[in-house]
Amino acid sequence: MLGYISYTEGRKRGEVLPRTICGQRFLEAALPKGRRWLGALEAGRLAKALGRRGVRQAVFPVDFPWGEAFARRGILPVDILPLHRAMAALVVRQRMGELGISPSSATVAVAAERMDGVLERVLTDLALHNRYLVLQIPAGADRFCAAMRREYGVSVLRTPTRRQMEQADALLLFSPVEGLESRSPIQLRLYDGERVLRQNGVRFALPAKLGEEVEENCGAEQLLAVLLGAGILQNHQIPIQTVDSGQKSYYNAYTV
């Protein structure tokens, strides 16, 4: 069972109750906003209740001060790194449009330790929309490359030089590459969940209709990670936000 933590004004006391958002079931810990030491006590009480029900991950609000009470019970925020990985091809496509890079002549370089289902979907999307795809993936990529050539006639460069990796129009790192000095105008580092927002300058927003179902301070990316992972949302339904160097964010003129 997944948890959902709400933290809002107007509630007299905390309580645990079932909640369904966009068809996904959660066990909600609803806490009143604005209480100090009483709030900490209630957070501890509700965290204990969720822990007893088997909750180990939860969607937390962005301004929640009692996260440690839940962590002590083994309840942690939903990991948003899978969301950023699943959205990678759409981010590349949008950034190419913003920079005036033509996919028909663009090279996309991808580095990872091994293939998995998410990476295969990202690579398929990249290969079908960009002229050149180069892969530095030691384990499991041969079958993918053969399938791309057989089914779509797409040739994938399997053993790129360091120079080819560094000069690609877009570089996606699903694992770190030591000593790589990329000149790519588009770079996504998709291996460090703690820093994925700061490194890549991109966020994802709730679709407008879904935003009406949840509190204003809902942890949008955590919720999106849950709904995308459950197949309730598809990645093309998720608006992409760009975050500028001053940490302000704005919606692009269109949604992919």
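A brief report on the enclosed structure follows.

Conventions we followed
Positions within a chain are numbered from 1, following the residues in the order the chain's sequence is written. In view of the model being predicted, local features appear only for residues whose pLDDT reaches at least 70, and side-chain atom pairs are presented and counted only at 80 or more, with totals across whole chains, interfaces and linings using the full set of residues. Excluded from the side-chain calculations are hydrogens and water; all other atoms, namely the structure's heavy atoms, are used. Strands here are runs of E lasting at least two residues and helices are runs of H or I lasting at least four, both read from the DSSP assignment and numbered beginning at the N terminus. Contacts between residues were defined by any pair of non-hydrogen atoms, one from each residue, lying within 4.5 Å. The accessible surface values rely on the Shrake-Rupley method and a 1.4 Å probe; as for residues, cover is taken only from the protein chains in view. In this charge count, Lys and Arg are treated as positive and Asp and Glu as negative; neither His nor the chain ends contribute. For charged residues, the charge sits on one atom: NZ in Lys, CZ in Arg, CG in Asp, CD in Glu. Given the number of residues in a helix, its expected span is that number minus one, multiplied by 1.5 Å. Accessibility here uses a 1.4 Å probe with only protein chains present; expressed as a share of the type maximum, an area under 20% marks a residue as buried, one over 50% as exposed, and anything in between as partly exposed. Axes here mean lines fitted to C-alpha atoms, for a helix over just the part in contact, with angles spanning 0 to 180 degrees between N-to-C directions. Orientation is classified from the angle alone, with under 35 degrees giving roughly parallel, over 145 giving roughly antiparallel, 65 to 115 giving roughly perpendicular, and any other angle giving oblique. By definition, any crossing whose near helix is turned counterclockwise from its far helix by less than a right angle is left-handed, and any crossing with a clockwise turn is right-handed. For this scheme, ten residues count as nonpolar: Ala, Val, Leu, Ile, Met, Phe, Trp, Tyr, Cys and Pro. Four count as charged, namely Asp, Glu, Lys and Arg, and the remainder, Gly too, count as polar. Two rings from Phe, Tyr or Trp (for Trp, the six-membered ring) form a pair when their centres are within 6.5 Å of each other. A pair whose planes differ by under 30 degrees is stacked, one over 60 is edge-to-face, and the rest are tilted. Here, a salt bridge means any Lys or Arg side-chain nitrogen found within 4 Å of an Asp or Glu carboxyl oxygen. Paired strands, in this sense, are two strands between which DSSP finds at least two bridges.

Quick word on the overall build of the chain
Tallying secondary structure elements over the chain gives ten helices and 13 strands in all. By sequence separation, contacts in the chain at least 24 residues apart represent 60% of the contacts at least 6 residues apart. Summing over all exposed atoms, the chain offers an accessible surface of approximately 13400 Å²; the carbon and sulfur share of this is 48%. Charged side chains in the chain number 34 positive and 26 negative. The centres of these two groups are separated by 5 Å.

Some thoughts on helix α5 (residues 117-129)
If you check α5, its first and last C-alpha atoms are 19 Å apart, about what 13 residues at 1.5 Å a residue would give, namely 18 Å. Those residues of α5 that sit buried are L119, V122, L123, T124, D125, L126 and A127.

Notes on helix α4 (residues 88-99)
Compared with the 16 Å implied by 1.5 Å per residue over twelve residues, the 16 Å span of α4 between its first and last C-alpha is a close match. Looking only at α4, the buried set comprises A88, A89, L90, V91, V92, Q94, R95 and M96. Residue G100 follows α4 closely and has a positive phi angle near 75 degrees.

Section: the packing of α5 against helix α6 (residues 141-152)
Running from N to C, α5 and α6 cross one another at 40 degrees; their axes reach a closest spacing of 12 Å. In terms of orientation, α5 lies oblique with respect to α6. For the element pair α5 and α6, the recorded crossing hand is right-handed. Packed against α5, whose contacting residues are E120, L123, T124, A127 and L128, the element α6 presents R143, F144, M148 and Y152 at the interface. Here the residues of the contact of α5 with α6 sort into six nonpolar, one polar and two charged.

So, the packing of α4 against α5
With their axes 8 Å apart at the nearest point, α4 and α5 run at an angle of 30 degrees to one another. It follows from the interaxial angle that α4 and α5 lie roughly parallel. Contacts from A88, A89, L90, V92 and R93 in α4 reach V122, D125, L126 and H129 in α5. Counted by class, the contact of α4 with α5 contains six nonpolar, one polar and two charged residues.

Here's the deal with the packing of aromatic side chains
A complete count under the given rule lists five aromatic pairs for this structure. Each member of the aromatic cluster is reached from another via a ring pair, and the members are Y7, F60, F64 and F70.

Some words on the pattern of salt bridges
The full count for this structure, using the stated rule, is eleven salt bridges. Measuring nitrogen to oxygen at the nearest pair gives 3.2 Å for the salt bridge that ties R19 to E28. The pair R19 / E28 is uniform in exposure class, with both members buried. Where E120 meets R143, a salt bridge forms, and the shortest distance between an N and an O atom there is 3.1 Å. On the criterion of sequence distance, the pair formed by E120 in helix α5 and R143 in helix α6 is long-range, its members being 23 residues apart. Judged by relative accessible area, E120 falls into the partly exposed class, the value being 26%.

A closer look at the sheet that holds strand β4 (residues 57-59)
Each strand in a sheet pairs with another by means of backbone hydrogen bonds, the pair being arranged parallel or else antiparallel. Read from one edge to the other, the open sheet built from five strands follows the order β2-β3-β1-β4-β5, with strand pairing classed as mixed. Looking at which strands have only one partner, the edges of the open sheet turn out to be β2 (15-21) and β5 (76-77). The sheet strands contacting helix α1 (residues 37-52) are β1 (3-8), β2 and β3 (24-32), and the helix crosses β3 at an angle near 155 degrees.

As for unusual backbone geometry
In the Ramachandran plot, C22 falls in the positive-phi region, its phi being about 55 degrees despite a non-glycine side chain. Among the secondary structure elements, C22 is positioned in the loop between β2 and β3.

Digging into the pairing of β3
For β3, a buried count of eight out of nine residues is recorded, marking the element as mostly surrounded by other parts of the structure. Relative to β3, β1 runs parallel, the two being bridged by six bridges. Pairing of G3 across the sheet is with L27, part of β3. In this sheet, β3 lies alongside β2 in antiparallel orientation, the contact comprising seven bridges. Within the sheet, the bridge partner assigned to E15 lies in β3 and is A30. Where β2 folds back on β3, the antiparallel hairpin that results is connected by two residues, among which C22 adopts a positive phi of roughly 55 degrees.

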